[in-house]
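# Residue-level structural notes
For reference, the chains in residue letters:
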Amino acid sequence: MNALQKDLKKLTALVEQAGLPEDSRRLRFHLMPPVGWLNDPNGLCRFRGEYHVFYQYAPFDAEGGIKFWGHYKSPDLLRWVQCPVMLYSDQPYDVHGVYSGSALCEEDGMYLYYTGNVKYMGGHDYIRTGRGHNTVLAYSPDGMTLGWKRLLMENKDYPAGVTCHVRDPKVWKQDGRYYMVQGARMQDDAGALLVFESENRLDWKHINTIQTAEPFGYMWECPDLFELDGRWFLLLSPQGAPRSGPGFENVYACGYFPLEGDFRGACTLGTFVPLDYGFDFYAPQTFHADGRRLLVGWQGMPDADYTNPTAEAGWQHCLTVPREITCENGRLYQRPARELEGLREGAQEYRFDGAAEIELEQSSELFITGNVQALTLPGLALRRESGMLKLEITEGGYGRTCRTAPVESVRQLQILMDTSAAEIFVNGGETVLSTRWYPADGTRRAALQGSGTATVYGLRPLEITR
Ligand code: FRU
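Here the focus is the environment of S89. Looking at the secondary structure, you find S89 in the loop between strand 4 (79–87) and strand 5 (98–106). Under the relative-accessibility criterion, S89 is labelled buried at 3%. Measuring from C-alpha to C-alpha, the distance between S89 and S140 comes to 16 Å, with 51 residues separating the pair along the chain. In this view, S89 contacts L4, L8, I66, K67, F68, D94, V95, G97 and V98; residues no more than four positions away in its chain are not counted.

Listed below in structure tokens is the structure:
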């Protein structure tokens, strides 16, 4: 252990032990930073029977600072252990941040691929000059402790035509080889996907660059390429995509391209589909476990003009709940992982025809089937309007106002409402809206319009131990 790592460890322990003041906005069933700042989920995997969720963690600054990999693990997605930070920025090649990446689980341990961020001193723009985006591998024999780190690729190893922005490696094994995709910003300011291949996890060769026919944004962050039901999908968080219409109202988009062909050679990207129509959803990552594909996203948005009042209280942001994704008619559907049903308690059933009032718990799940015209919740309103579902933040939005999603009719709604985070799944997960909002404490009523059945469950908090 070097002196920098030693100091960072000590300082992290100090701020975590000091903790936070009581705050009713702290989340009950969403993972959040113990203190400070959280962004992207990283290294999601199931390893030796346990789920691991790493995340971009800046414990010293709730407005974002040097990024480490924070760490939670769980046997069942309900009982979590807050583990020590797995990766600190303690090497010359990652000294200004252990940026996002992924996990490859092998017999002999966990292989964590990430971007080591370095910003050199001088008058740089940090896009074309002045930034090192290094591809780094960290090995852990047990998923808890760090064995070693090794620099695999640096700027000079990337293909011609890229800027300094090449990051967020996602790695998997296929046909006896290893593949890695990274997001890139090209010199002509078009986003691109770089594909690499390796036989031994250490030596990587660039084998393909995938782009859209017309540029779609200037930088592709957090790519994730996978097969589901015989089809291939490229999940992306593109920066600079056109900002117009439902699903493109946030500063950065987030969604997927269907990919036709072989990513190793000739292939094309179809039409980009937004994954979420709310205010706060970015940088999702998926992984395969127990015969299904799970997704976790960051319930936040970089560079947004809306804010989170919790930053003043020493913490900011959370992850989405784990979502199971399926492919239906060539589209991705998202539903809360079935394990979350284990948090339910005290079901209340309502039949409604016209208007109905519903009592909520401090954190609740609403499961509604039928024809829903409108729903108001504390600080939130959902309304059907000319082929759209409109989400309005009526109170405590801190700059969040209104978002829309193309929804012809609402036949089913599943809403997970935490103290300050809501995830709204429409029509069996065909459309999703996720947002943070900060309603006044104590208002726990919902009003429904339409006809059907509503079930309200209280949701127990996750069990988190240290
Ligand atoms: C996305 C992102 C990634 C980067 C990380 C740094 O939110 O910008 O591209 O690796 O966050 O925290």
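So, next bit.
Time to look at the sheet that holds strand 10 (residues 177–186). Pairing is antiparallel across the open sheet formed by four strands, whose spatial order is 9-10-11-12. The two strands at the open ends of the sheet, each matched to only one other strand, are strand 9 (162–174) and strand 12 (205–210). The mean angle between the axes of side-by-side strands here comes to 25°, regardless of whether they run parallel or antiparallel. Looking at chain direction, strand 9 and strand 10 are connected through eight bridges and run antiparallel. Paired with V162 across the two strands is M186, which belongs to strand 10.

Moving on: unusual backbone geometry. A positive phi is found at D189, a non-glycine position, where the angle reads about 60°. Take D189: it is sitting in the loop between strand 10 and strand 11 (191–198). Phi is positive for D303, which is not a glycine, with a value near 60°. Among the structural elements, D303 can be located in the loop between strand 19 (292–298) and strand 20 (315–316).

Glancing now at the layout of surface pockets. Empty space among the atoms becomes visible once a probe the size of a water molecule is rolled across them. Roughly 890 Å³ of internal volume is contained in the largest pocket. The set of elements that each furnish at least two residues to the lining of the largest pocket consists of strand 1 (36–47), strand 5, strand 7 (131–140), strand 9 and strand 13 (219–228). Residue composition of the lining of the largest pocket, grouped by class: 15 nonpolar, 13 polar and 12 charged. The computed volume of the second largest pocket comes to approximately 430 Å³. For the second largest pocket, the lining is made up of 21 residues, of which V171, W172, F287, H288 and R293 are closest to its centre. Listing elements by their share of the lining of the second largest pocket, those giving two or more residues are strand 1, strand 5, strand 9, strand 13 and strand 18 (282–289).

Bringing the sheet that holds strand 18 into the picture now. Strand order in the open sheet formed by four strands is 18-19-21-22, with antiparallel pairing between adjacent strands. Because the sheet does not close on itself, it has two edges, and the strands there are strand 18 and strand 22 (331–336). Taken pair by pair, the neighbouring strands of this sheet meet at an average axis angle of 35°, ignoring direction.

This part covers helix 1 (residues 3–18). The terminal C-alpha atoms of helix 1, which comprises 16 residues, lie 23 Å apart, in line with the 22 Å expected from a rise of 1.5 Å per residue. Of all the positions in helix 1, only Q5, L8, T12 and E16 are classed as buried. An end-on view of helix 1 places all buried positions within 65° of arc, on one side of the element. Away from the buried face of helix 1 by more than 90 degrees, exposed residues A3, K10, L14, Q17 and A18 are located. Buried residues along helix 1 sit against strand 2 (50–58), strand 3 (68–74) and strand 4. Residue N2 occupies the N-cap position of helix 1, its side-chain oxygen lying 3.1 Å from the main-chain nitrogen of L4. Looking one or two residues beyond helix 1, the residue adopting positive phi is G19, at roughly 70°.

Let's shift gears to the site of the ligand. As a matter of local geometry, the ligand sits amid N39, D40, Q56, K67, Y99, S100, R167, D168, E221, C222, Y282 and W298. At 2.8 Å from an oxygen atom of the ligand is found a side-chain nitrogen or oxygen belonging to D40. Contacts to the ligand include E221, whose side-chain N or O atom sits 2.7 Å from an oxygen atom. At a threshold of 2 Å from the grid points, most atoms of the ligand map onto the largest pocket.

Before going further, it helps to spend a moment on the pairing of strand 3. Of all seven residues making up strand 3, seven are buried, and the element is well covered by its neighbours. Neither face of strand 3 is left uncovered, since the one carrying F68, G70, Y72 and S74 and the one carrying W69, H71 and K73 both have all their residues buried. Pairing of strand 2 with strand 3, which is carried by seven bridges, proceeds in the antiparallel orientation. Looking at the pairing, Y55 lines up with G70 of strand 3. Counting the residues that bridge the hairpin from strand 3 to strand 4 gives four residues, and of these L77 lies at a positive phi of roughly 70°.

For the rest of this paragraph, the subject is the nonpolar core. The nonpolar side chains of a soluble globular protein tend to be buried, and buried together. Counting residues in each nonpolar core, the largest one holds 85 residues, and the members touching the most others are I368, L375, L377, L413, I415 and L448. Residues Y179, F216, W232 and L234 belong to the second largest nonpolar core, which totals 21 residues.

So, about the packing of aromatic side chains. All chains considered together, the criterion is met by 27 aromatic pairs. Seen from their ring centres, Y113 and W204 are 5.8 Å apart, and the 90° between their planes marks the pair as edge-to-face. With a gap of 91 residues between them, Y113 in strand 6 (residues 109–119) and W204 in the loop between strand 11 and strand 12 connect regions that are remote in the sequence. The same class applies to Y113 as to W204, namely buried. Between F257 and F272, the aromatic rings sit 5.1 Å apart at their centres with planes inclined by 65°, giving edge-to-face as the arrangement. Placement of F257 in strand 15 (residues 255–261) and of F272 in the loop between strand 16 (267–269) and strand 17 (273–274) is noted, with a sequence separation of 15 residues between them. Ring-pair connections join several aromatic residues into one group, and the members of that group are F216, W220, F248, F257 and F272. Directly above the ring of Y126 sits K119, whose terminal nitrogen or CZ lies 4.8 Å from the centroid.

This brings us to the pattern of salt bridges. Taken as a whole and assessed by the stated rule, the structure comprises 35 salt bridges. We note a salt bridge from R264 to D175, for which the minimum N-O separation is 3.0 Å. Of this pair, R264 sits in the loop between strand 15 and strand 16 while D175 sits in the loop between strand 9 and strand 10, placing them 89 residues apart in sequence. Given the relative accessible area of 58%, D175 is considered exposed.

Here is what the cut-offs are and how they apply
Residues numbered from 1 in each chain as written. Predicted model: local features only at pLDDT ≥ 70, side-chain atom pairs only at ≥ 80, totals over all residues. Heavy atoms only, no water. Helix = DSSP H or I, 4+ residues; strand = E, 2+ residues; numbered from the N terminus. Buried < 20%, exposed > 50% of the residue type's maximum accessible area, 1.4 Å probe, protein only. Contact = heavy atoms within 4.5 Å. Pairing = 2+ DSSP bridges. Axes fitted to C-alpha atoms, helices over the stretch in contact; angles between N-to-C directions. 1 Å grid on protein atoms, 1.4 Å probe; cavity = no way out; pocket = protein on both sides within 12 Å on 5 of 7 lines; lining within 4 Å. Points joined across faces, edges and corners; volume = space filled by probe spheres on them. Nonpolar A, V, L, I, M, F, W, Y, C, P; charged D, E, K, R; others polar. Expected span 1.5 Å × (residues − 1). Arc of directions from axis to C-beta. Polar contact = N/O pair within 3.5 Å; in protein donor to acceptor, adjacent residues only side chain to side chain. Near = heavy atom within 4 Å. Sits in = over half its atoms within 2 Å of the grid points. Core = buried A, V, L, I, M, F, W, Y, C linked by side-chain atoms within 4.5 Å. Phe/Tyr/Trp six-rings, centres within 6.5 Å; stacked < 30°, edge-to-face > 60°. Lys NZ or Arg CZ within 6 Å of the ring centre and 35° of its normal. Salt bridge = Lys/Arg side-chain N within 4 Å of Asp/Glu carboxyl O.

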